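Spelled out from the first residue to the last, the chains are:
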Amino acid sequence: MFRNTFQSGFLSLFYSIGSKPLQLWSRQALNGGHIKRVIDEDVQSSVLEIVSPNVSTCWMSCPMDDKKCLGIKLPFLVIIVKNMEQYFTFEIQIVDDKGIKRRFRASNYQVEARVKPFVCTMPMRLDDGWNQVQFNLADFVKRAYGTNYVETVRITIHANCRLRRIYFADRLYTEEEVPQEFRLFLPVAGDEVPAAITAEETAL
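The structure displayed is predicted, hence computed values, not measured ones.

On to the overall build of the protein, then. When you go through the protein residue by residue, the secondary structure sums to 1 helix and 16 strands. A total of 204 residues make up the protein; the buried ones form 52% of that total. A sequence separation of at least 24 residues applies to 70% of the contacts in the protein between residues at least 6 apart.

Here you go:
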């Protein structure tokens with residue numbers, strides 16, 4: 001999708017505000033689950049809510065077409081997500097410099113990291129409320145498999161969470177460097193104050 005696009009700075013895959021936030025995404029919500037926009041009381045704005053009693057049957061995935069590849073070479077994935085205090089997981093599929101597809105699956109119910117030839121599962125700790133999860137793909141690929149990150153093929157977000165923004169970046173940026181529309185703010189006494197808390201990266 002983006003392989004032939006010039007990539008630097010920020011590349012957004014999802015933003016909860018707009019007429020068609022899921023234009024690039026396929027989605028499924030079975031067994032009483034739902035994927036819908038709601039007004040979040042903390043940010044007083046529209047966000048996407050993914051909720052289900054079963055995380056495996058409720059998800060959104062990009063690209064929409066299973067045969068397509070994102071082709072994103074930017075090594076940092078950032079997800080602005082709200083902790084719903086329920087089971088939550090997401091998965092990234094990448095290609096390394098050996099031409100092998102690897103999957104990284106992070107979840108808040110995983111106890112310890114496990115590295116297998118084609119999939120690496122790891123625990124994820126979320127603070128209360130809204131979090132800014134930063135995922136250094138190049139670092140994780142190197143530490144888990146001793147290879148180099150080439151590009152991201154696919155990303156899938158499962159229940160249970162609320163989403164504000166999903167984007168890739170060429171490096172980690174300070175709060176002041178990030179464009180305002182990529183930040184999360186809380187309205188306090190009429191002012192806008194940063195509310196996103198950087199989640200700690202989980203060691204392999």
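Read across the sheet, 7 strands follow the order S2-S5-S12-S7-S8-S10-S9 without closing on themselves; strand pairing throughout is mixed. Either end of the sheet is taken by a strand with one partner, and the two such strands are strand S2 (26–29) and strand S9 (114–115). Against the sheet, helix H1 (residues 137–145) contacts strand S7 (89–96), strand S8 (101–107), S9, strand S10 (119–123) and strand S12 (149–158), and its axis sits at roughly 105 degrees relative to S8.

Here we take up H1. Within H1 the residues assigned to the buried category are Leu-137, Phe-140, Val-141, Ala-144 and Tyr-145. Down the axis of H1, the smallest arc covering the buried residues is 100 degrees, so these residues share one side. Its side-chain oxygen placed 3.4 Å from the backbone nitrogen of Ala-138, Asn-136 serves as the N-cap of H1. Looking one or two residues past H1, Gly-146 carries a phi angle of roughly 70 degrees, positive in sign.

The geometry of an aromatic ring pair is captured by two quantities: the separation of the ring centres and the angle between the planes. Counting across every chain of the model gives 12 aromatic pairs. Their ring planes at 85 degrees and their centres at 6.4 Å tell us that Phe-14 and Trp-25 sit as a pair that is edge-to-face. Taken together, the residues span a long stretch of sequence, with Phe-14 in strand S1 (residues 10–15) and Trp-25 in the loop between S1 and S2 at a distance of 11 residues. Residue classification places Phe-14 among the buried residues on the basis of a relative accessible area of 1%. Joined through ring pairs, the aromatic side chains of Phe-88, Phe-90, Phe-104, Phe-135, Phe-140 and Tyr-145 make up one cluster. Positioned above the aromatic ring of Tyr-145 is the side chain of Arg-102, whose terminal nitrogen or guanidinium carbon lies 4.2 Å from the ring centre. Above the face of the Phe-182 ring, Arg-165 is positioned so that its terminal group lies 4.1 Å from the ring centre.

What follows is about the environment of Val-178. With respect to the helices, strands and loops of the structure, Val-178 is situated in the loop between strand S13 (161–169) and strand S14 (185–188). A relative accessible area of 8% places Val-178 in the buried class. Residues Val-178 and Gly-9, 169 residues apart in the sequence, show an inter-C-alpha distance of 9.5 Å. Sequence-distant contacts of Val-178, defined by excluding residues within four places in its chain, comprise Phe-10, Tyr-167, Tyr-173 and Arg-183.

Moving on to the pairing of S10. The element S10 is extensively covered by neighbouring structure, given that 5 of its 5 residues are classed as buried. One ladder, built from 2 bridges, connects S9 with S10; its direction is antiparallel. Each residue of the ladder has a partner; that of Arg-114, found in S10, is Thr-121. Here S9 folds back onto S10 in antiparallel fashion, the turn holding 3 residues.

Here we come to the pattern of salt bridges. Between side chains of opposite charge, pairing is possible as soon as their charged atoms come close. Counted by the stated rule, this structure contains 14 salt bridges. Between Arg-162 and Glu-49 there is a salt bridge whose closest N-O contact spans 2.8 Å. One end of the pair, Arg-162, is in strand S13; the other, Glu-49, is in strand S4 (residues 45–51), and 113 residues separate them in sequence. Judged by its relative accessible area of 12%, Arg-162 is buried. Residue classification places Glu-49 among the buried residues on the basis of a relative accessible area of 9%. The closest approach of N and O atoms between Arg-102 and Asp-96, which form a salt bridge, is 2.9 Å. On the basis of relative accessibility, which here comes to 2%, the residue Asp-96 falls in the buried class.

Rules used in this analysis
Residues numbered from 1 in each chain as written. Predicted model: local features only at pLDDT ≥ 70, side-chain atom pairs only at ≥ 80, totals over all residues. Heavy atoms only, no water. Helix = DSSP H or I, 4+ residues; strand = E, 2+ residues; numbered from the N terminus. Buried < 20%, exposed > 50% of the residue type's maximum accessible area, 1.4 Å probe, protein only. Contact = heavy atoms within 4.5 Å. Pairing = 2+ DSSP bridges. Axes fitted to C-alpha atoms, helices over the stretch in contact; angles between N-to-C directions. Arc of directions from axis to C-beta. Polar contact = N/O pair within 3.5 Å; in protein donor to acceptor, adjacent residues only side chain to side chain. Phe/Tyr/Trp six-rings, centres within 6.5 Å; stacked < 30°, edge-to-face > 60°. Lys NZ or Arg CZ within 6 Å of the ring centre and 35° of its normal. Salt bridge = Lys/Arg side-chain N within 4 Å of Asp/Glu carboxyl O.

As far as function goes, none of this settles anything; it's purely spatial.
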